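Here's the letter readout for the chains.
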Amino acid sequence: MNTMTYKGYLGSVAFSEKDNVFFGKIEGINGLVNFEGESVKELTDAFHEAVDDYLAYCEDEGIEPAKSYSGVLNVRLTPTTHRQIAILARQAGVTLNAYIKQALEEKVESEAAV
């Protein structure tokens, strides 16, 4: 998926060949906000305007703009991978949950540093 960021918000981007237009939506919010443009500049400007308008709307209405997450995640793995992770967690002396949490946090930190 192609994405763009502005003020910490992520916009997904796609192209409609039929309509000859780039379009997208703001991801990770409590609502649906779309934007579009016929060029990269138009798309970027529309995305920025959409984020600014959304943030102003949220402020006016007293709404939290970012989508909230529970912190609970169910991950499906192959039985082989599940077994390997369980063994690694035991060797590290931590719970399976703690091992997976640490691995994901390290991955997110390394991706954010790029």
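Now for a quick tour of the structure. (Residues numbered from 1 in each chain as written. Predicted model: local features only at pLDDT ≥ 70, side-chain atom pairs only at ≥ 80, totals over all residues. Heavy atoms only, no water.)

**Side note on the nonpolar core**
So, step 1. Ile26, Phe35 and Phe47 are the most contacted members of the largest nonpolar core, which has 15 residues in total.
So, step 2. Contributing elements (two or more residues each) for this core: strand E1 (2-6), strand E2 (9-16) and helix H1 (40-61).
So, step 3. Top contributing element to this core by residue count: H1, with seven residues.
So, step 4. Excluding residues within four positions of it along the chain, Phe47 makes contact with Met4, Thr5, Tyr6, Tyr9, Leu10, Gly11, Ile26 and Phe35. (Core = buried A, V, L, I, M, F, W, Y, C linked by side-chain atoms within 4.5 Å. Buried < 20%, exposed > 50% of the residue type's maximum accessible area, 1.4 Å probe, protein only. Helix = DSSP H or I, 4+ residues; strand = E, 2+ residues; numbered from the N terminus. Contact = heavy atoms within 4.5 Å.)

**Here we look at the packing of aromatic side chains**
Geometry of an aromatic ring pair is reported as the spacing of the ring centres plus the angle between the planes.
So, step 1. For the coordinates displayed, the defined rule picks out three aromatic pairs.
So, step 2. Judged by centre distance (5.0 Å) and plane angle (55°), the ring pair of Phe15 and Phe22 falls under tilted.
So, step 3. Chaining the aromatic ring pairs together yields one cluster made of Tyr6, Phe35 and Phe47. (Phe/Tyr/Trp six-rings, centres within 6.5 Å; stacked < 30°, edge-to-face > 60°.)

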